[in-house]
Amino acid sequence: MSRPCRALIDLNALRHNYRLACELAPDAQAIAVVKANAYGHGSVAAAKALEPLAPALGVACIEEALELRAAGIAKPILLLEGIFSADEVNVAATENFWLMVENLEQVQHIINAKLVNPVHCWLKVDTGMHRLGLLPEQVDGALSILKASDNVQQGIILASHFSSADEINNPSTNAQIECFDTLLADCEQSKDLAQSLSNSAAILAHPRAHRQWLRPGFMLYGASPFTTPQINADRLLPVMDFVSEVISVRPIAAGERVGYGGKWQAGRDSIIATIAAGYGDGYPRHAGNGTPVFINGQEAHLVGRVSMDMITVDVTDLAGIEIGSPVELWGKNLCVNRIANAAGTIAYELLTRMPARPVRSYLS
Ligand SMILES: Cc1ncc(COP(=O)(O)O)c(C=O)c1O
């Protein structure tokens, strides 16, 4: 009785992927990153599934953290970009949100706040990504100020973020690790601090970067951050099955065109199936002719432009396709990375840009 386009979210797969991160770095603790609506999977459901396993969760901003608190999540929540304004320090202290400290302005806001209890701080150093974080030469001074403040809990974590850990042989990851370790050796204030460097790609492929705290995001959702097979990434289980159904099947003659702009022309007499999923559901509009679509247990190919609510698929060579035939746009049978590739983007974008329109159903 309802439109069949939906996202089935396998919370057991999510937990499996979190456990894999922990298994790969058995001496570390792992923050479960559920920002951007848990990369499109539903942050409250993902956080509830992971809270019993993870010592803390990670989000991008205080609004995302407050949404989790309102839903009853009690574990500490790390704000990966820290505060955006001074008033957020008080909220963080009250709500047990941990603060990534990215710059000297944030340091000042933290030490100048009037707090009921101190906040837990992670100090981020820019080791080469040049996006956020203190310069290495600023770290000693910032640590002295933070450690001397009653507003800051003991046990600051020193963190950094990689620019290219997903390119396994890119030398910049080692260069960033060297920069970080040189800082640790040179900076008196940082010697006793726990460290955090690893996002998903580093957890999977750069054990040298594991340290005491991991920050897995993308890998939790079961796709590989790499473009080539990788022994650990190959153990990930896809969490989202983006599914729908065939809503129309029609024969067309050779030479006829399909979809907006008539951008695909049949080279032979063909059968076209129309599927209820389009860019209004998060399917990428730039997916071109030939993008794989899994119909009734077989792979077929997208033809014609992606519409807001529908796509069209050449099923001429497939048996048994009819109205109601099940379709997987991506998921366990069709890796989301293949669709991202076909659309000239990355799976991070496809997943996080999925709108609310495809109903999420949770399998636990
Ligand atoms: C600071 C920080 N840590 C961890 C992550 C998680 O990264 P990934 O999703 O690649 O695991 C992100 C994501 O952007 C981040 O910004």
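Our subject is the structure listed above.
Every chain is numbered on its own, with residues counted from 1 as its sequence reads. Whole-chain, interface and lining totals are the exception, using all residues; otherwise, since this is a predicted model, local features are given only for residues with pLDDT of at least 70 and side-chain atom pairs are given and counted only at 80 or more. Here the side-chain values reflect all heavy atoms present in the structure, with hydrogen atoms and water set aside.

## Quick word on the nonpolar core
(1) Moving on: Core analysis: the largest hydrophobic core is formed by 120 residues, its most contacted members being L123, Y283, I295 and W330.
(2) Moving on: To qualify as a helix, a DSSP run of H or I must reach at least 4 residues; to qualify as a strand, a run of E must reach at least 2; elements of each kind are numbered from the N terminus. Broken down by element, the residue count for this core peaks at seven residues, all from helix α1 (residues 11–24).
(3) Moving on: Joining through side-chain atoms within 4.5 Å is the link that ties buried Ala, Val, Leu, Ile, Met, Phe, Trp, Tyr and Cys residues into a set, and such a set is a nonpolar core. Exposure is judged per residue with a 1.4 Å probe applied to protein chains only, and the accessible area is read against the type maximum: over 50% gives exposed, under 20% gives buried, and values in between give partly exposed. Counting six residues, the second-largest nonpolar core is a separate cluster that includes I252, V258, A266 and V303.

## Details of the side chain of S224
(1) Moving on: Looking at the secondary structure, you find S224 in the loop between β9 (213–214) and β10 (240–252).
(2) Moving on: Within the local environment of S224, its side chain forms a polar contact with the backbone nitrogen of F226, the two atoms lying 3.0 Å apart.
(3) Moving on: We call two residues contacting when some pair of their heavy atoms lies within 4.5 Å. Discounting residues that sit within four places of it in the chain, S224 has contacts with F218, A233, L236 and N337. Counting of polar contacts relies on pairs of N or O atoms within 3.5 Å, with two restrictions inside protein: one atom must be capable of donating a hydrogen and the other of accepting it, and residues adjacent in sequence are counted only when both atoms are side-chain atoms.

## Description of the layout of surface pockets
To find the voids left in a structure, one rolls a probe of water-molecule size over its atoms.
(1) Moving on: Cavity: a set of points on a 1 Å grid over the protein atoms alone where a 1.4 Å probe fits but cannot get out. Pocket: an open set with protein on both sides within 12 Å along at least five of seven lines, its lining residues, like those of a cavity, having an atom within 4 Å of a point. Grid points are joined across faces, edges and corners, and a volume is the space filled by probe spheres set on the points. Here the second largest pocket defines a volume of roughly 250 Å³.
(2) Moving on: In this structure, the second largest pocket is lined by Y279, G282, Y283, P284, R285, H286, A343, T345, E349, L350 and R353.
(3) Moving on: Under the grouping applied here, Gly and all other residues not named as nonpolar or charged are polar, the nonpolar ones being Ala, Val, Leu, Ile, Met, Phe, Trp, Tyr, Cys and Pro and the charged ones Asp, Glu, Lys and Arg. Of the residues that constitute the lining of the second largest pocket, the class distribution is five nonpolar, three polar and three charged.

## Quick notes on empty space enclosed by the protein
(1) Moving on: Scanning all chains against the criterion turns up one cavity of 30 Å³ or more.
(2) Moving on: Along the walls of the largest cavity sit K124, V125, D126, T127, G128, M129, H130, R131, L132, S160, H161 and Q176, which together make up its complete lining.
(3) Moving on: Split into classes, the residues belonging to the lining of the largest cavity amount to three nonpolar, six polar and three charged.

## As for the pattern of salt bridges
Any two side chains of opposite charge can pair, so long as their charged atoms come close to each other.
(1) Moving on: We count a salt bridge whenever a side-chain nitrogen from Lys or Arg sits within 4 Å of a carboxyl oxygen from Asp or Glu. Applying the stated criterion across every chain, the model contains 15 salt bridges.
(2) Moving on: In this structure, R3 engages D281 in a salt bridge whose closest nitrogen and oxygen atoms are separated by 2.9 Å. In this pair, R3 is assigned in the segment before β1 (6–10) and D281 in the loop between β13 (270–275) and β14 (292–295), connecting sequence segments 278 residues apart.
(3) Moving on: Exposure remark for D281: the relative accessible area of 0% places this residue in the buried category.
(4) Moving on: One salt bridge in this structure joins R268 and D314, with 3.7 Å as the shortest N-O distance.

## Quick notes on the environment of K332
(1) Moving on: Note that K332 resides in the loop between β17 (326–330) and α10 (336–342).
(2) Moving on: With a relative accessible area of 44%, K332 lands in the partly exposed category.
(3) Moving on: Note: C-alpha distance between K332 and F242 (90 residues apart in sequence) is 9.3 Å.

## So, unusual backbone geometry
(1) Moving on: Unusually for a residue other than glycine, A36 sits at a positive phi of about 50°.
(2) Moving on: Along the chain, A36 turns up in helix α2 (residues 35–40).
(3) Moving on: For A36, a relative accessible area of 32% gives the class partly exposed.
(4) Moving on: Of note, R211 is a non-glycine position whose phi angle comes to about 55°, a positive value.
(5) Moving on: Take R211: it is sitting in the loop between α9 (200–205) and β9.
(6) Moving on: You can call R211 buried: its relative accessible area is 18%.

## Things to note about the site of the ligand
(1) Moving on: Proximity criterion: a residue is near a molecule or strand once any of its heavy atoms comes within 4 Å of it. The ligand sits among 13 residues. The nearest are K35, Y39, S200, R215 and Y348.
(2) Moving on: R215 places a polar side-chain atom, nitrogen or oxygen, 2.8 Å from a nitrogen atom of the ligand.
(3) Moving on: Note that an oxygen atom of the ligand is positioned 2.5 Å from one of the side-chain N or O atoms of Y348.
(4) Moving on: Notes on the ligand: free accessible area 390 Å², of which the protein chains cover 90%.
(5) Moving on: Looking at the shell around the ligand residue by residue, the class counts come to five nonpolar, four polar and four charged. For the area figures, the Shrake-Rupley method with a 1.4 Å probe applies, and any residue is considered shielded solely by the protein chains shown.

## Some remarks on the packing of aromatic side chains
(1) Moving on: A pair of Phe, Tyr and Trp rings is counted when the ring centres sit within 6.5 Å of each other, with Trp represented by its six-membered ring. The angle between the planes then sorts it: under 30 degrees is stacked, over 60 is edge-to-face, the rest tilted. Tallied over the full model, the rule gives eight aromatic pairs.
(2) Moving on: Ring plane angle 25° and centroid distance 4.9 Å describe the contact between Y39 and Y221, whose orientation is recorded as stacked. Of this pair, Y39 sits in helix α2 while Y221 sits in the loop between β9 and β10, placing them 182 residues apart in sequence.
(3) Moving on: For Y39, a relative accessible area of 7% gives the class buried.
(4) Moving on: In this structure Y221 comes out as buried when scored by relative accessible area, which is 3%.

## As for the side chain of R215
(1) Moving on: Tracing the chain through its elements places R215 in the loop between β9 and β10.
(2) Moving on: Here R215 sits buried without a salt bridge, and the closest side chain of opposite charge, E102, lies 8.7 Å off (N-O distance).
(3) Moving on: Among the polar contacts made by the side chain of R215, one reaches the main-chain carbonyl oxygen of S160 at a distance of 2.8 Å.
(4) Moving on: Within the structure, the side chain of R215 is placed 3.0 Å from the side chain of H161, a separation counted as a polar contact. As used throughout, the charge tally considers Lys and Arg to be positive and Asp and Glu to be negative, leaving His and the chain termini uncounted.

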